[in-house]
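Now for the letters of each chain:
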Amino acid sequence: MAISQGPQAFPRTEFLRRLSAVKSEMVRQEVDALIVFNTHNITYLTGYTTPSGYVPEGIIVSIHEEETIFILRQMDAPAAIHQTFMSRDNILAYPEALIGRPDKNGYDAIIDFLHEKGFEKRRIGLELGELRFHAVTKFRTRVPNARIEDCTNLVTWIRIIKSDLEIALMREAAAISDAAMQRAAEVIRPGVREADAVAEITAALARGAQGKPGTNIPEIALCTSPRTGTAHIRWSEDVFREGSQINLEIAGVRHGYTVPLMRTFSIGEPSERLHRVHDAHVAGMDAALEAIRPGTTCSDVANAFHRTYETYGFRKESRCGYANGIGWIESTASFQNGDMTELKPNMTFHLMLGNWFDEDFGYMISQSICVTESGVEVLTSTPPRLFTL
């Protein structure tokens, strides 16, 4: 029995709108065919969210075809049929014989398709930043007469401005982030194993909120004393103790759309230093949020944070945030000095104000936001407070 097409996160018209925008940019860059390897860009253009990109796969966008062609591993093709908006005729499976071989792999199947469709002498855009050296060499060797253009961020920059449908999905993901952070506040207690607390947080991320389940569990960072000076470490085999500080970073997910949230917890009365750091961050956050509106730049937002934050006697070396949406980070704009990307409505960012001062001391707080016509919407509802347990 053939697998059926499943329910879609977006209507077909939404995917065709995205493809139309990509094709317009391809025409501007004089590209006849674009091959997309980035898993988040594949999700954006097709709806596919299965984590199969550890082996070669890609979609081929032609300016002359309405839909894309999706070429992927045979065992993953049914997932593509089920998850994407595409006709099954445009989902091409390459054989398992191409897996685990030193001489051939799935990129050969993609290159064979290019030859079959007459693209071997045309202008081909590749996301070169997504490919390893040997893969790039394979394309240049096997399609020597094509003019290969680097289109690494062509799709990613189009993704930076979301549709209203995408923003609605991110609000659903934000509610999941809130629910999981609330669960963290309930289970982080002296004597509780860090692993058991993470299990409860993970369950909340999966159960979801407001009747909408989570559709993925991103990596969780739980940094407990004396490891709060680490940014991305996982939980340990230890238990929480009286006087411990806990830095937590999580994210709710709906159909690939990811809304991160960071908060700091203290079991017992926070130290005077932690109070001062928290107050500085909240003041800086308020200044940054006040600066966010259409027409200002990412640099303006970062500098608004730094001007306020530094009056408290602190400095932050890492950037203040980054574009996000499908996946945790979009590799486009950042809230940092010198990034002159102009803010526009329906851009979304993780305003990430974590700071790591010493090897054994750091602090986390963040907000995921959407630029609106008149300013900013904070997508989550968890208050920007220091949780004292």
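What comes next concerns the included structure. These figures come from a predicted structure and were not determined experimentally.

Most of helix H4 (residues 106-116) is tucked away: 8 of the 11 residues are buried. Three or more residues of H4 are buried, namely Gly 106, Tyr 107, Asp 108, Ala 109, Ile 110, Ile 111, Phe 113 and Leu 114. Of the surrounding elements, those touching the buried residues of H4 are strand E1 (33-36), strand E2 (58-62), strand E3 (69-73), strand E4 (91-94), strand E5 (123-126) and helix H5 (133-142). You can read the cap of H4 off the contacts: a side-chain oxygen lies 2.9 Å from the backbone nitrogen of Tyr 107, and it is on Asn 105.

The next subject is the pattern of salt bridges. For the structure on display, the rule yields 30 salt bridges. As a salt-bridge pair, Arg 122 and Asp 32 come within 3.5 Å of each other at their nearest N and O atoms. Taken as a pair, Arg 122 in the loop between H4 and E5 and Asp 32 in the loop between helix H1 (12-28) and E1 lie far apart in primary sequence, 90 residues in all. The class for Arg 122 is partly exposed, based on a relative accessible area of 34%. Its salt-bridge partner being Glu 377, residue Arg 171 comes within 2.9 Å of it at the nearest N-O pair. Remark: Glu 377 occurs in strand E15 (residues 376-378) and Arg 171 occurs in helix H7 (residues 164-187); sequence separation between them is 206 residues. Classification of Arg 171 by relative accessible area gives partly exposed; the value is 40%. Taken together, the shared-partner salt bridges in this structure form one network comprising Glu 14, Arg 17, Arg 18 and Glu 166.

About the thresholds
- Residues numbered from 1 in each chain as written.
- Predicted model: local features only at pLDDT ≥ 70, side-chain atom pairs only at ≥ 80, totals over all residues.
- Heavy atoms only, no water.
- Buried < 20%, exposed > 50% of the residue type's maximum accessible area, 1.4 Å probe, protein only.
- Helix = DSSP H or I, 4+ residues; strand = E, 2+ residues; numbered from the N terminus.
- Contact = heavy atoms within 4.5 Å.
- Polar contact = N/O pair within 3.5 Å; in protein donor to acceptor, adjacent residues only side chain to side chain.
- Salt bridge = Lys/Arg side-chain N within 4 Å of Asp/Glu carboxyl O.

So far we have only geometry, and geometry alone does not tell us how the molecule works.
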